[in-house]
Amino acid sequence: MKTTLRNYTVREICDGFTYNEVEAKGLFGLSGKLTIQPEYQRNYIYADGKRDVAVIESLLKSYPLGLIYFNKTKDGLLEVLDGQQRITSFGRYVTDKFAVKDENSLEQIFSGLSEDKQNRILDSNILVYECEGAESEIKEWFQTINTAGIPLNNQELLNAVYSGPFVSAGKEVFSNSQNSNIQKWSAYISGTVNRQDYWERALEWACGSKDNIGLFMSKHRRDSDISSVELHFNRVIDWISETFPNVESEMRGIEWGRLHQKFSNNVQDPVANGQKVQELYSDPFVKNRRGIFEFILSGQTDFKLLEVRIFEEPIKRSRYERQTADAKRNQVSNCSLCAIGNEINNKKIWALLDMDADHIKAWSKGGSTSPENCELLCKTHNRAKGNR
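Residues numbered from 1 in each chain as written. Predicted model: local features only at pLDDT ≥ 70, side-chain atom pairs only at ≥ 80, totals over all residues. Heavy atoms only, no water.

## Some points on unusual backbone geometry
This is how it is decided: A run of H or I in DSSP becomes a helix once it reaches four residues, and a run of E becomes a strand once it reaches two; helices and strands are each numbered from the N terminus. Each residue gets one of three labels from its accessible area relative to the maximum for its type: buried under 20%, exposed over 50%, partly exposed in between, using a 1.4 Å probe on protein chains only.
Notably, S31 is not glycine yet its phi reads approximately 55°, a positive angle. Within the secondary structure, S31 sits in the loop between β2 (28-29) and β3 (34-35). Since its relative accessible area comes to 53%, S31 is described here as exposed. Even without being glycine, D96 reaches a positive phi, approximately 65°. Among the structural elements, D96 can be located in the loop between α3 (84-94) and β6 (100-101).

What follows is the structure, given as structure tokens:
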């Protein structure tokens, strides 16, 4: 791969700058010669009032911003290989998209700055390496650089490796912050649009596993039609909302794709499901609310999903002392199941550490985790008792 070091000013880079607020199309500079957001680049993520402002403050203070890398394409045009976030911040500021505070703590957009400060920004020198090489070389190198300080996440890397019509079409739908469906989707999907989290979920659900996304993208790289991905994604979303009519905060980020694969063919009663969710939400002994939904879908038998709270140590110790005193008085074992048998242990007094606290009436059958519903059994009998 050939590299050439060049010096550009912010004025040159921002000449002809265009910025698409939809964030799904390329951005341009250098009078249209420079593509700031190629297909393989992630979306702009500096628009948080901190990092974008810091970039402009660095220009005003003449601080170095680090090297930027362009890729020279076969037709002689340029693409930003690394530095997209900084360059987009330049362009957004000089086109009055955000403000920075001056020395008097007053918010100032670019057009409100004094001429000398405007020129200080526009005349700032930016060192750029222009790189030339095969696409595979450029893409491989792109995955390893991190001069902007924010590593690419896995989906952003996959977008770079498999850039093409499929990625472009996918980002237009699932990485588009103006998509009116985002609010609905955000009830069930964690992450953000501009870091490709929704696109990643759509791909994961379409191909069945996060591990298969790369292979799936490779197979469909030249496709411009993502309708099958959209169709399956919406099918999962609709299934969730129909199965659990009430939206709860714990639903966000659950592995809905896996649950849809496993349980979507099972008959569900949405009304009963909603009532059961509320019942379990109000139970103070359920520790894992996120597990409630799979617990209901799987037939309400896997209680490990709920992480039901066990008896606290003071209750356990108090019950042990009372149970042991009664056993000694009656000359039987302090494990009630040992005491009723004819084994050698029917009169054994177990140490506290050799016993487990259990519900007399199982929690799954309505028993509470209260002192009155607590008994201690030797570990062997407790394991044998199970959920009876």
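After that view, the rundown keeps rolling.
## Notes on the side chain of T243
Convention followed: Residues count as neighbours in contact if any of their non-hydrogen atoms are within 4.5 Å of one another.
Structurally, the position occupied by T243 is in helix α11 (residues 227-243). Here T243 is in contact with Q268, P270, N273 and L297, once residues within four sequence places are set aside.

## Looking at empty space enclosed by the protein
Rule in force here: The method works on a 1 Å grid over the protein atoms by themselves. A cavity is a set of points holding a 1.4 Å probe that cannot get out, a pocket is an open set with protein on both sides within 12 Å along at least five of seven lines, and residues with an atom within 4 Å of a point line them. Grid points are joined across faces, edges and corners, and a volume is the space filled by probe spheres set on the points. Think of it as three bins: nonpolar holds Ala, Val, Leu, Ile, Met, Phe, Trp, Tyr, Cys and Pro, charged holds Asp, Glu, Lys and Arg, and polar takes everything else, Gly as well.
Using the criterion set out here, one finds two cavities of 30 Å³ or more in the structure. Roughly 40 Å³ of internal volume is contained in the second largest cavity. Taken together, F244, P245, N246, E248, G274, V277, Q278 and F293 form the lining of the second largest cavity. Of all the elements, helix α13 (residues 270-281) adds the most residues to the lining of the second largest cavity, at three residues. Taken together, the residues that form the lining of the second largest cavity break down as four nonpolar, three polar and one charged.

## Examining the pattern of salt bridges
The line we're drawing: Here, a salt bridge means any side-chain nitrogen of Lys or Arg that lies within 4 Å of a carboxyl oxygen of Asp or Glu.
By the definition in use, this model includes 19 salt bridges. Across the pair D52 and R92 runs a salt bridge, and its minimum N-O distance is 4.0 Å. In this pair, D52 is assigned in helix α2 (residues 51-60) and R92 in helix α3, connecting sequence segments 40 residues apart. Classification of R92 by relative accessible area gives buried; the value is 8%. Members of the salt-bridge network, linked through shared partners, are E200, R201, E204 and K210.

## Some thoughts on the nonpolar core
Inclusion rule: Residue types Ala, Val, Leu, Ile, Met, Phe, Trp, Tyr and Cys, when buried and joined through side-chain atoms within 4.5 Å, form a set referred to as a nonpolar core.
Of all hydrophobic cores here, the largest spans 49 residues; its most connected members are F174, W185, M217 and W256. Mapped onto this core, the elements with two or more residues apiece are α7 (165-174), α8 (182-185), α9 (197-207), α10 (213-219), α11, α12 (256-263), α13 and α14 (292-297). When sequence neighbours within four positions are dropped, the list of residues in contact with F174 reads W185, V193, Y198, W199, A202, I226, V229, E230 and F233. In this structure, V10, L60, F70 and V80 belong to the second largest nonpolar core, which totals 33 residues.

## So, the packing of aromatic side chains
For the record, the criterion: Working definition: rings of Phe, Tyr and Trp (its six-membered ring) pair if their centres are within 6.5 Å, and the pair is stacked with planes under 30 degrees apart, edge-to-face with planes over 60 apart, and tilted otherwise. Here, over-ring charges are defined by two tests on the NZ atom of lysine or the CZ atom of arginine: distance to the ring centre within 6 Å, and angle to the ring normal within 35 degrees.
Following the criterion strictly, the structure yields 18 aromatic pairs and no others. On the numbers, 5.8 Å between centres and 45° between planes, the contact of Y8 with F70 is tilted. Pair noted here: Y8 is in strand β1 (residues 2-9) and F70 is in strand β4 (residues 68-72), with a separation of 62 residues, a long-range link. Centre to centre, the rings of W205 and F233 are 5.0 Å apart; their planes meet at 20°, and the pair counts as stacked. On the criterion of sequence distance, the pair formed by W205 in helix α9 and F233 in helix α11 is long-range, its members being 28 residues apart. You can call W205 buried: its relative accessible area is 5%. A connected cluster of aromatic rings, assembled from ring pairs, spans F166, F174, W185, Y198, W199, W205, F216 and F233. Sitting above the plane of the W350 ring, K348 keeps its charged end 4.0 Å from the centroid.

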